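For reference, the chains in residue letters:
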Amino acid sequence: MTSTTQTVPQVVLGIETSCDETAAAVVRRGPDGAVEVLSSAIASQIAAHAPFGGVVPEIAARAHVESIDGIAARALADAGVGFEDLTGVAATAGPGLVGGVMVGLSFGKAVALARGLPLVAVNHLEGHAVSARLASEVDYPFLLLLVSGGHCQLLAVDGVGACRRLGSTIDDAAGEAFDKIAKTLGLPYPGGPALEALAERGDAERFVLPRMLLGRKDCDFSFSGLKTAAARIAEGLTTAVERADLAAAVQAAIASQLAERSNRAMAAYAVAHEGRGLRFVVAGGVAANRAVRARLQATAEARGFSFTAPPLAYCTDNAAMIALAGAERLALGISDPLDAPARPRWPLDEAAANANPTHVPGRKGAKA
Ligand code: KG4
Ligand code: ZN
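Residues numbered from 1 in each chain as written. Chains lettered and ligands numbered in written order. Predicted model: local features only at pLDDT ≥ 70, side-chain atom pairs only at ≥ 80, totals over all residues. Heavy atoms only, no water.

1. Notes on the sheet that holds strand β5 (residues 88–94)
Spatially, β4-β3-β2-β5-β6 is the arrangement adopted by the five strands of the open sheet, whose pairing is mixed. Whereas interior strands pair on both sides, the edge strands pair on one side only; in this sheet they are β4 (35–44) and β6 (119–123). This sheet shows a mean twist of 20° between the axes of neighbouring strands, independent of strand direction. In this sheet, β5 lies alongside strand β2 (residues 10–16) in parallel orientation, the contact comprising four bridges. (Pairing = 2+ DSSP bridges. Helix = DSSP H or I, 4+ residues; strand = E, 2+ residues; numbered from the N terminus. Axes fitted to C-alpha atoms, helices over the stretch in contact; angles between N-to-C directions.)

Structure representation (structure tokens):
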């Protein structure tokens, strides 16, 4: 990491390839912090993965290789800028599927080298953390609920790169729970949006599902009991109405757990941040869910916190959030060397993840 203070506007090309979206974007950030998304291009791989019911890493990496040039060119064209107008390049360096991360990071390094631009190797989670700032003014510090397919955590975000973990999942991430339960309901990948659509017609009261960890005094999450209970009920369902009712009950149970744990975190956060402005931000793919947003908004308002969620397009993976995370770092004079590694696991709060891994080592490890 190198550091030289800069006060010029940043025009940053962002690259995102950590999962199943190949994305590139151009974001302009003025010295006053004003943010303008000049373009945000995304090539979704949903059609390539759908036959397998989930993301296949090798297919994802290959699709990123095939799309990255065209998507980056489209992002520049849509923004009306050329490489010569850029002040930096930001590429996701992890956590994520490492084959895909290497594609985007290598592309970013190549542009940086060829054009003599600074490179920022961005933590994908830091991208989600700043995503609400793409469309709304949200000052630091804020309390963040990061809920996506691979991550479920509550973080106190004090500034650029300064995150403290307050809670994390001890098993699945919330999006993972949506996806797996959707699969048992026979819904197509990606399951979260499909389950939300089905739940619209359902009665959330018909099935009683376990309320996980409600008695616990920490801010951790757990979804495995819900997943098991929902799978057991799904096996015995025969009608479309019953399936919609189960979808509604699952969505309500996930929203309720997210709100209950966030409520706990808000109480602790309010004590620690007295007088500094109470802001609650939700980000990540699950933040696109309207029932989840509504529950969290009500919880935040009851606690005296402002509530901000990104526009739907910036909840799920995109490169504008990566470009902004890069621009915020560049504005502080922070960039990374061209040998920055691709990291399959990369917790935002590394100290907390090392001292108290809520996950045993395994498929998800400290990334969740
Ligand atoms: O942030 P994201 O695009 O990728 C990760 O970094 O994981 O999040 C994707 C996750 C998937 O699990 C997807 O099912 C979930 O977000 N998701 C939703 C909705 N839209 C996306 N879950 C529930 N309701 C939605 N509307
Ligand atoms: Zn993500």
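What follows picks up the thread again.
2. Observations concerning the site of ligand 1
Residues in contact with ligand 1 amount to 19 residues; listed here are only the nearest, Gly 149, Asp 179, Glu 196, Asn 289 and Asp 317. In the model, an oxygen atom of ligand 1 is placed 3.3 Å from a nitrogen or oxygen of the His 124 side chain. Between ligand 1 and Gly 150 there is a distance of 3.3 Å, counted from an oxygen atom to a backbone nitrogen or oxygen. Contact with the protein chains hides 89% of the accessible area of ligand 1, taken as 550 Å² for the molecule alone. Of all the cavities here, the one that holds ligand 1 is the largest pocket. Those elements that place two or more of their residues in the shell around ligand 1 are α4 (124–130), α5 (174–184) and α6 (191–199). Both domains that meet at the shell around ligand 1, namely domain 1 (10–135 + 314–348) and domain 2 (142–309), each give it at least three residues. (Near = heavy atom within 4 Å. Polar contact = N/O pair within 3.5 Å; in protein donor to acceptor, adjacent residues only side chain to side chain. Areas by Shrake-Rupley, 256 points an atom, 1.4 Å probe, with all protein chains shown as cover. 1 Å grid on protein atoms, 1.4 Å probe; cavity = no way out; pocket = protein on both sides within 12 Å on 5 of 7 lines; lining within 4 Å. Sits in = over half its atoms within 2 Å of the grid points. Domains from an automatic or database assignment.)

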